[in-house]
Amino acid sequence: MKNQGRTMIPLPLVKKSQTTMQIGQYLLPLSITTGVAVLLAIGSYFTILVPAQSRLTETALAYEGVQHSFKQNRMTWKTQLTLQNAWDQLPARKGFTGLGVAISDLAKSHKVRIPEIGYNIKNFRHKLATKGTMSFKAAGRYEAIRKFIFELESKWPQLFIEKLTAERAKKGNEVAFSIDVSTFLREKTGGDSPSLGSAL
């Protein structure tokens, strides 16, 4: 065997050229720099961006909560304003009989006769307001009574007619009405309307 005394020199699988070696020298620092940049980007994401996103979410939730609270407060304010207006329109209990006199004067202006007015006051458990009812008979021409009732409801919107019955009057072309008119009366003569909580 002639080849037994010879030494075998391993051949490289890939032959490295001078250009490849030069590129490899520059690629190693570039790879390290890229790796460090990637690590810094990941670190920045977890240390800056994630907390910032969390704060943004918390701020958005807080903003929605403030908006909801603002809308609720605005609705409460509007409700309180409506109640205050309704409360201001209620007649005071002390002026209830004066309201009856004003109704009687209105009837006279329409040539409607009201001989007398009966007054009844009903107290409530909460003692914030009472219910006042006036009962009277009105006699006159149908057209006059119709105008009287229309103006009664227009002039005093806080009054409501609970009962209204009609019958023929003793005079030929007249009509007689029995009317029960009610309203709520303020126990206090002035000031702010009572809170809803105190009425419960």
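Heads up: the structure comes first, above all this text.
This is a predicted model, so every value here is computed, not measured.

> For the pattern of salt bridges, give the residues involved together with the corresponding values.
In the structure shown here, the tally under the stated rule is two salt bridges. Measuring nitrogen to oxygen at the nearest pair gives 2.8 Å for the salt bridge that ties Arg-113 to Glu-174. Here Glu-174 lies in the loop between strand E3 (160-168) and strand E4 (175-186) and Arg-113 lies in the loop between helix H2 (96-109) and strand E1 (117-123), a separation of 61 residues in the sequence. Taking relative accessible area as the criterion, Arg-113 reaches 39% and is therefore assigned partly exposed. Here Lys-131 and Glu-162 are joined by a salt bridge, their closest N and O atoms 2.7 Å apart. Of this pair, Lys-131 sits in strand E2 (residues 129-140) while Glu-162 sits in strand E3, and the two are 31 residues apart along the sequence. According to the relative accessible area criterion, Glu-162 is partly exposed, its value standing at 42%.

> I'd like a description of a nonpolar patch on the surface, backed by residues and values.
On the surface, Ile-32, Val-36 and Leu-40 cluster together to form a nonpolar patch covering roughly 290 Å² of accessible area. Among the structural elements, Ile-32 can be located in helix H1 (residues 18-89).

> So, the packing of aromatic side chains: which residues are in play, and what are the values?
Between two aromatic rings, the relevant description is the distance of the centres plus the angle of the planes. Counted under the stated rule, the structure contains two aromatic pairs. Between Phe-96 and Tyr-119, the ring centres sit 5.5 Å apart and the planes meet at 75 degrees, which makes this aromatic pair edge-to-face. Of the two residues, Phe-96 is situated in helix H2 and Tyr-119 in strand E1; the sequence distance between them amounts to 23 residues. Owing to a relative accessible area of 2%, Phe-96 belongs among the buried residues under this scheme. Judged by its relative accessible area of 37%, Tyr-119 is partly exposed.

> Can you break down the pairing of E2 residue by residue, with the values?
Sheet faces and side chains relate simply in a regular strand, where the side chains alternate between the two faces. Within E2, ten of the twelve residues are buried, which leaves it mostly tucked inside the rest of the structure. Sheet topology places E2 next to E4; twelve bridges connect them, and they run antiparallel. Residue pairing for E4: Phe-136 is matched across the bridge by Ile-179.

> Break down the sheet that holds E4 for me, citing the residues and quoting the values.
The antiparallel open sheet is built from four strands, whose spatial order is E1-E2-E4-E3. With one partner strand each, in any of the chains shown, E1 and E3 form the two edges of the open sheet. In this sheet, neighbouring strand axes are inclined to one another by 15 degrees on average, regardless of whether the strands run parallel or antiparallel. Two elements, E3 and E4, share eight bridges in a ladder whose sense is antiparallel. Its bridge partner lying in E4, Phe-160 is registered against Ser-182. This element, H2, spans E1, E2 and E4 of the sheet and lies at about 145 degrees to E1. Against the sheet, helix H3 (residues 142-155) touches E2, E3 and E4, its axis set at about 5 degrees to E4.

Rules used throughout
- Residues numbered from 1 in each chain as written.
- Predicted model: local features only at pLDDT ≥ 70, side-chain atom pairs only at ≥ 80, totals over all residues.
- Heavy atoms only, no water.
- Salt bridge = Lys/Arg side-chain N within 4 Å of Asp/Glu carboxyl O.
- Helix = DSSP H or I, 4+ residues; strand = E, 2+ residues; numbered from the N terminus.
- Buried < 20%, exposed > 50% of the residue type's maximum accessible area, 1.4 Å probe, protein only.
- Patch = residues over 30% accessible without salt bridge, like charges linked within 9 Å, V, L, I, M, F, W, Y side chains within 5 Å.
- Areas by Shrake-Rupley, 256 points an atom, 1.4 Å probe, with all protein chains shown as cover.
- Phe/Tyr/Trp six-rings, centres within 6.5 Å; stacked < 30°, edge-to-face > 60°.
- Pairing = 2+ DSSP bridges.
- Axes fitted to C-alpha atoms, helices over the stretch in contact; angles between N-to-C directions.
- Contact = heavy atoms within 4.5 Å.

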